[in-house]
Amino acid sequence: MAGVVVGVLVSGCSPPAVATWEGHGQEQVSTYEAVNRPTGAAAAAINAVDQLSEARGNSLGIAVLDRSTGELSWGRDGARQMYSASLSKVVVAVELLERGDVTPQDRELMRRALGPSDDEAMNALWDRHGGSSLIADAAERMRLQQTRPPADPGRWGDTLTSARDIAAVFQHLLGRMPSADRDFVLAALHAAPERAADGVNQKFGLMAVRAEAVKSGWMCCQLGRVWVHSAGVVDPDRRRYVVALLSDQPSSVGYGEAVADITEAARTALSPLR
């Protein structure tokens, strides 16, 4: 195995806030200045998920990007650092494409990492292109606030990130990258099979409620927690909304319940966005 695979699968809170784009042309960067509470459909989605999380007593971070208004909004746990699990595959793919030095073989590895969530493909990309530097460079390029390389350089799934930062990565992908690269990533996510390369059913969260340009993430049991995530473009035709849902619960809760919880959260979030 080329690297260390994401953890074995057993088989700072703040009020909602808004971020906007600032700058002009190619110097444009995402910023995270809290302006006010989100409004409209994004606010409804965030508040509903925060209420659901509070009622269940779990930690579930949500962020919503409304590309029509340019606002990136996040909820109570939306800026909380969590292990990325396979969401780091999206961060790495965007960073590699932005560097512009990918080969056809690299693109095939990215396709496998993004769609079937193939850990071996991610291991190969990680080892070929600098490992932790991919995360550090992506965080600097996109001005990500909670994203940090893993403490153990071989464990890319232990990358730290937040729902807010993952939504910002999609904001960069949709708004800043060349159309060919953007469409490559979205097509790979859209083509994700129900069963991942390791045999896990990855059709949960947003993917389970017909949001089809989505990356799922799962990992257990680092720090005695189970990490289950879902993030992506929830309306592939219009590409107006991006939703990022990141969760962690005690491993005693179990993977099945964690998956059920994030799927319910996805359904709750998407209701006001459609």
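Per-chain numbering applies: the sequence of each chain, read as written, is numbered from 1 onward. Local features in this predicted model are restricted to residues of pLDDT 70 or higher, and side-chain atom pairs are both shown and tallied only at a pLDDT of 80 or more, whereas totals for entire chains, interfaces and linings draw on every residue. Side-chain descriptors were evaluated using all non-hydrogen atoms of the structure, hydrogens and water having been removed beforehand.

1. Considerations on the overall build of the protein
Quick reminder of the rule: Helix and strand assignments follow DSSP, with helices taken as H or I runs no shorter than four residues and strands as E runs no shorter than two, numbered in order from the N terminus. In this scheme, a residue with accessible area under 20% of its type's maximum is buried, one over 50% is exposed, and one in between is partly exposed, where area comes from a 1.4 Å probe on protein chains only. Where accessible areas are quoted, they stem from the Shrake-Rupley method and a 1.4 Å probe; at the residue level, only the protein chains shown are allowed to cover.
A count of helical and extended segments in the protein gives 8 helices and 10 strands. Here the protein holds 274 residues, and 57% of them are scored as buried. In the structure as shown, the protein presents an accessible area of about 10700 Å², 49% of it carried by carbon and sulfur atoms.

2. Remarks on the state of the cysteines
Just so we agree on the cut-off: Criterion for a disulfide: a pair of cysteine sulfur atoms at a distance within 2.5 Å.
Following the criterion strictly, the structure yields 1 disulfide and no others. The disulfide partner of Cys 220 is Cys 221, and the S-S distance across this bridge is 1.8 Å. Disulfide Cys 220-Cys 221: the torsion about the S-S bond is 70°, which places it as right-handed. You can call Cys 221 partly exposed: its relative accessible area is 31%.

3. Quick word on the packing of aromatic side chains
Here is the rule: Working definition: a ring pair exists when centres of Phe, Tyr or Trp rings (six-membered ring for Trp) sit within 6.5 Å. Plane angles under 30 degrees give stacked, over 60 give edge-to-face, the rest tilted. Any Lys NZ or Arg CZ found within 6 Å of a ring centre and within 35 degrees of that ring's normal is scored as a charge over the ring.
In total, this model carries 2 aromatic pairs according to the counting rule given. Centroid distance Phe 204 to Trp 218: 6.1 Å. Interplanar angle 80°. Geometry classified as edge-to-face. Of this pair, Phe 204 sits in the loop between helix H7 (179-190) and strand S8 (213-220) while Trp 218 is found in strand S8, placing the two residues 14 residues apart along the sequence. Grouping residues by exposure puts Phe 204 and Trp 218 together as buried. Above the face of the Phe 184 ring, Arg 107 is positioned so that its terminal group lies 5.1 Å from the ring centre. For the cation-ring pair, Arg 164 lies above Trp 74, with the distance from its terminal atom to the ring centre recorded as 4.5 Å.

4. So, the environment of Ser 216
Cut-off, in case you're wondering: Here, two residues are considered to be in contact whenever any of their heavy atoms come within 4.5 Å of each other. Contacts described as polar in this section are N or O atom pairs within 3.5 Å, which, within protein, must combine one atom able to donate a hydrogen with one able to accept it, while residues neighboring in sequence count only if both atoms come from side chains.
Mapped onto the secondary structure, Ser 216 falls in strand S8. Considered as a pair, Ser 216 and Leu 246 are 30 residues apart in the sequence and their alpha carbons are 9.8 Å apart. For Ser 216, the contacting residues outside a window of four places in its chain are Ser 86, Gln 202, Phe 204, Met 207 and His 229. A polar side-chain atom of Ser 216 sits 2.9 Å from the main-chain carbonyl oxygen of Gln 202.

5. What about the pairing of S8?
We apply this condition: One bridge is not enough; two strands pair if DSSP finds at least two bridges between them.
Counting buried positions over the 8 residues of S8 gives 8, a clear majority of the element. Judged by which residues are buried, S8 turns out to be covered on both faces: Ala 213, Lys 215, Gly 217 and Met 219 on one side and Val 214, Ser 216, Trp 218 and Cys 220 on the other are all buried. Bridging between S8 and strand S9 (residues 225-233) involves 8 bridges; their strand directions are antiparallel. Among the inter-strand pairings, Lys 215 is bridged to a residue of S9, identified as Ala 231. Linking S8 back to S9 in an antiparallel pair, the connection comprises 4 residues, with Leu 223 at a positive phi of about 55°.

6. Let's talk about the nonpolar core
Proteins that are soluble and globular tend to have nonpolar side chains buried together. Spelled out, the test is: Each nonpolar core is a collection of buried residues, namely Ala, Val, Leu, Ile, Met, Phe, Trp, Tyr and Cys, held together in the definition by side-chain atoms within 4.5 Å.
Formed by 54 residues in total, the largest nonpolar core has its most connected members in Ile 166 and Phe 170. Contact partners of Phe 170, with chain neighbours within four places excluded, come to Val 90, Leu 189, Ala 231, Gly 232, Val 233 and Val 242. Among the nonpolar cores identified, the runner-up in size contains 33 residues, and Val 200, Val 226, Val 228 and Ala 266 belong to it.

7. Looking at the pattern of salt bridges
Stated precisely, the cut-off is as follows: We count a salt bridge whenever a side-chain nitrogen from Lys or Arg sits within 4 Å of a carboxyl oxygen from Asp or Glu.
Per the stated rule, a full pass over the model turns up 18 salt bridges. The residue Glu 108 makes a salt bridge to Arg 111 at a minimum N-O spacing of 2.6 Å. Here Glu 108 and its partner Arg 111 are both found in helix H3 (residues 104-114), 3 residues apart, which amounts to about one turn of the helix. According to the relative accessible area criterion, Arg 111 is partly exposed, its value standing at 36%. Of the charged contacts, one joins Arg 182 and Asp 183 as a salt bridge, the two residues approaching to 3.0 Å between their closest N and O atoms. The exposure class assigned to Arg 182 is buried, which follows from its relative accessible area of 19%. Residue Asp 183 is classed as partly exposed on the basis of its relative accessible area of 31%. Several salt bridges converge on common partners, so that one network encompasses Glu 95, Arg 99, Asp 137 and Arg 141.

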